[in-house]
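Here's the letter readout for the chains.
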Amino acid sequence: MALFDHGRTPSHAWLGGNAERTRLRWSGEALQVAAVVVDVATIFAALHAAVAIHPGLPVPDHLRSLGVVAVGMFVVVMAATGGYRVVHLNHARRRVMRAAEAWGLTFFLLAWMAFLLRVTDVFSRGAVSLWFAIGGLALVTVHAIGAKMLARAYARRALSHSRVAVVAVAEESGVRRICDRLAHEGIEIAAFSTLTPATEESAEGGEPSGEARVAEDVRRALSRNRLDGVWIFASWQERRRITELKAALASLPLAVHLFADHATEQMLARPMLRVGDLVALEIERAPLSRFDRACKRLLDVVVAGLALTLLSPLMILTAVAIVAESGRPILFRQYRKGFGARPFTILKFRSMTVRENGATVVQASRGDARVTRIGRMIRRTSIDELPQLLNVLKGDMSIVGPRPHAIAHDDYYDGLIASYALRQHVKPGITGWAQVRGHRGETREVEQMEARVEHDLWYIDNWTIWLDLRIILMTAFKVVFDDNAY
């Protein structure tokens, strides 16, 4: 991928000399004021439309007061949430979302103020509700159309809001992407200078260096037009060149901005951590946030507690049957790796005549002679897994997550499957996405375990509380119809 490939396909680009002047140039402030004026007119028009359709609002003084308060609140909320930022004005989805959120919050604040001031009886609820509906629809429509019109004007080079000089340390393909991206954001390029990456240009024979030529290009552009700054596009690994460009441009009365390349831009988008004077960027996020973990833990405790309460008679009968057939112990204990590879002891109803828990553990197979008669039944119906509800309450396991394997199997597959250990980024589960998708039971071939790992990693990357609930429901059906349990 090219240095500045940010996901857009270039459609047109100017590659040298002076850029063609756009036919109309508005300042960013003028565009913002225009957006505010349109919003004010839209809100008042919606209010008058609501009154016309449902004549229930009182005298014009109250009408004007209500409209002025609503307009003021809406504009303040939009400004506070970045709804009028120039970078958002040509993006329909951003504008629509912010307008809808601001309109909803405005009416919430109006209702709260009316409640506190005890003036809710002054206004017609029907007319106000109609105003909310008409105003919301109108604002969303106006913002969507406005964003589309502005984006189209930018793309045609018919309008711009900033004029800059651009310096690109990139190959020609990267230059084209830069030109296209800036044009679509309403940026007029007054001068464009290119430098080849990782070259050692010098001032031999009296020839000026590349950085000096860039400074001269910018100086000439500044003499012809007012510029809003100099923008440098270069890999942040080009430290020598960036330092020399900064020194060459220092004599110009312009702000100089260094843009991040694609890899650096992705890193800067990550959350930042400050520890005193130290600053760190998150280069790998935790699988689940603290809030996610709290929600998942709450679901685990509720489901495990409810299941233990409802299924305790079945568990008692199972324990009695195991003792009657083969004596004690009732429970099978084995070491497994949990979250972060921390070992814990998993609990299951004993279903076999052996209790392997060492360096060698043989997987159960179909028709395995080690499985008892009671064991065969409880394994088929997954009743043998019920004691793991205690592991869930203790915090070692979750209701839903990658199934934990014997430590001997973990060590074996960890050496064969590169991503195997990533399964331990969340707590292991009694059931999981792999199990409900048919990857349950013995794994005779490495490919079978790879498929299970692939499903486990997909679950980790796409976790939601709704996905857990879906898997729990799917598990109930699998217990009845799954033939891979034995």
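Refer to the preceding data block for the structure.
So, here's what we can say about the structure. Numbering of residues begins from 1 in every chain and follows the order in which that chain's sequence is written. The predicted nature of this model means local features are confined to residues of pLDDT at least 70 and side-chain atom pairs, given and counted, to a pLDDT of 80 or more, with totals for whole chains, interfaces and linings taken over all residues. To obtain the side-chain values, all non-hydrogen atoms of the structure were used and water was disregarded.

A word on helix 14 (residues 446-461)
One turn of the α-helix equals 3.6 residues, which is why residues spaced by three or four share an orientation. Given a rise of 1.5 Å per residue, 16 residues ought to cover 22 Å, and the 23 Å separating the end C-alpha atoms of helix 14 matches this to within 8%. In this scheme, a residue with accessible area under 20% of its type's maximum is buried, one over 50% is exposed, and one in between is partly exposed, where area comes from a 1.4 Å probe on protein chains only. Working definition: helices are DSSP H or I runs of at least four residues, strands are E runs of at least two. Numbering for both runs from the N terminus. For helix 14, the complete set of buried residues consists of Met 449, Ala 451, Arg 452, Val 453, His 455, Asp 456, Leu 457, Tyr 459 and Ile 460. Under the convention used throughout, the expected extent of a helix is 1.5 Å for every residue step, that is, one less than its residue count.

Notes on the sheet that holds strand 6 (residues 256-259)
Strands qualify as paired when DSSP identifies two bridges or more between them. Reading across the sheet, the four strands line up as 4-3-5-6 and stay open at both edges, with parallel pairing between neighbours. Either end of the sheet is taken by a strand with one partner, and the two such strands are strand 4 (187-195) and strand 6. Taken pair by pair, the neighbouring strands of this sheet meet at an average axis angle of 25°, ignoring direction. In this structure, strand 3 (residues 162-169) lies alongside strand 5 (residues 230-234), joined through five bridges in parallel fashion. Counterpart to Val 167 in the pairing with strand 5 is Ile 232. Where helix 6 (residues 210-224) meets the sheet, its contacts fall on strand 3, strand 4 and strand 5, and the angle it forms with strand 4 comes to roughly 160°. We call two residues in contact whenever any of their non-hydrogen atoms come within 4.5 Å of each other. To obtain each axis, a line is fitted to C-alpha atoms, and for helices this fit is confined to the stretch in contact; angles are then taken between N-to-C directions over 0 to 180 degrees. Sitting on the sheet, helix 7 (residues 239-249) touches strand 3, strand 4, strand 5 and strand 6, and the angle it makes with strand 5 is about 165°.

Comments concerning a nonpolar patch on the surface
In this analysis, a patch consists of residues with relative accessible area above 30% that form no salt bridge, clustered at 9 Å for like charges and at 5 Å for the nonpolar side chains Val, Leu, Ile, Met, Phe, Trp and Tyr. Method for areas: the Shrake-Rupley scheme with a 1.4 Å probe, in which residue coverage is limited to the protein chains shown. Whenever a carboxyl oxygen of Asp or Glu lies within 4 Å of a side-chain nitrogen of Lys or Arg, that contact is scored as a salt bridge. Where nonpolar side chains cluster on the molecular surface, the patch consists of Val 69, Trp 112, Met 113, Phe 115, Leu 116 and Leu 117 and spans about 620 Å² of accessible area. Looking at the nonpolar patch, the element that brings in the most residues is helix 3 (residues 92-117), giving five residues. Inspection of the secondary structure puts Met 113 in helix 3. Note on Met 113: relative accessible area 34%, which makes it partly exposed.

Looking at the pairing of strand 3
Summarising burial for strand 3: eight of the eight residues are buried, a large majority. With burial as the criterion, each face of strand 3 is covered, one bearing Ser 162, Val 164, Val 166 and Ala 168 and the other bearing Arg 163, Ala 165, Val 167 and Val 169. Note: strand 3 against strand 4, eight bridges, orientation parallel. Paired with Val 169 across the strands is Leu 195, a residue of strand 4.

Describing the packing of helix 6 against helix 7
Between helix 6 and helix 7, the shortest axis-to-axis distance is 9 Å and the interhelical angle comes to 40°. By the angle between their axes, helix 6 is oblique relative to helix 7. Note that helix 6 runs across helix 7; the crossing there is right-handed. From helix 6, Glu 211, Val 214, Ala 215 and Val 218 reach across to helix 7, where they touch Arg 241, Glu 244, Leu 245, Ala 248 and Leu 249. Roughly parallel means an angle under 35 degrees; roughly antiparallel means over 145; roughly perpendicular covers 65 to 115; every other angle is labelled oblique. Each helix crossing is assigned a hand: it is left-handed if the near helix lies turned anticlockwise from the far helix by less than a right angle, otherwise right-handed if that turn is clockwise.

Section: the side chain of Ser 398
Mapped onto the elements, Ser 398 comes out in strand 11 (residues 398-400). Given the relative accessible area of 1%, Ser 398 is considered buried. The term polar contact refers here to a pair of N or O atoms within 3.5 Å; inside protein, the definition further demands a hydrogen-donor-capable atom paired with an acceptor-capable atom, and it admits residues adjacent in sequence only when both atoms are side-chain atoms. Of the polar contacts made by the side chain of Ser 398, one reaches the side chain of Lys 296; its length is 3.3 Å. Leaving out residues up to four positions away in the same chain, Ser 398 has contacts with Lys 296, Asp 300, Val 392, Lys 427, Pro 428, Gly 429 and Ile 430.

Topic: the nonpolar core
With 33 residues, the main nonpolar core has Phe 349, Leu 389, Ile 399, Tyr 459 and Ile 471 as its most contacted residues. Of all elements in the fold, only helix 9 (290-326), strand 10 (343-349), helix 11 (388-394), strand 11, helix 13 (433-436), helix 14 and helix 15 (465-481) reach the threshold of two or more residues within this core. Top contributing element to this core by residue count: helix 9, with six residues. Excluding anything up to four places from it in sequence, Phe 349 contacts Met 315, Thr 318, Ala 319, Ile 322, Ile 330, Leu 331, Phe 332, Ile 378, Ile 383, Asp 384, Leu 386 and Pro 387. One finds Ala 35, Ala 102, Leu 139 and Tyr 154 within the second-largest nonpolar core, a separate group that totals 27 residues. Take the buried Ala, Val, Leu, Ile, Met, Phe, Trp, Tyr and Cys residues and link them wherever side-chain atoms come within 4.5 Å; each set so joined is a nonpolar core.

Remember that the coordinates give geometry; whether it matters functionally is a separate question.
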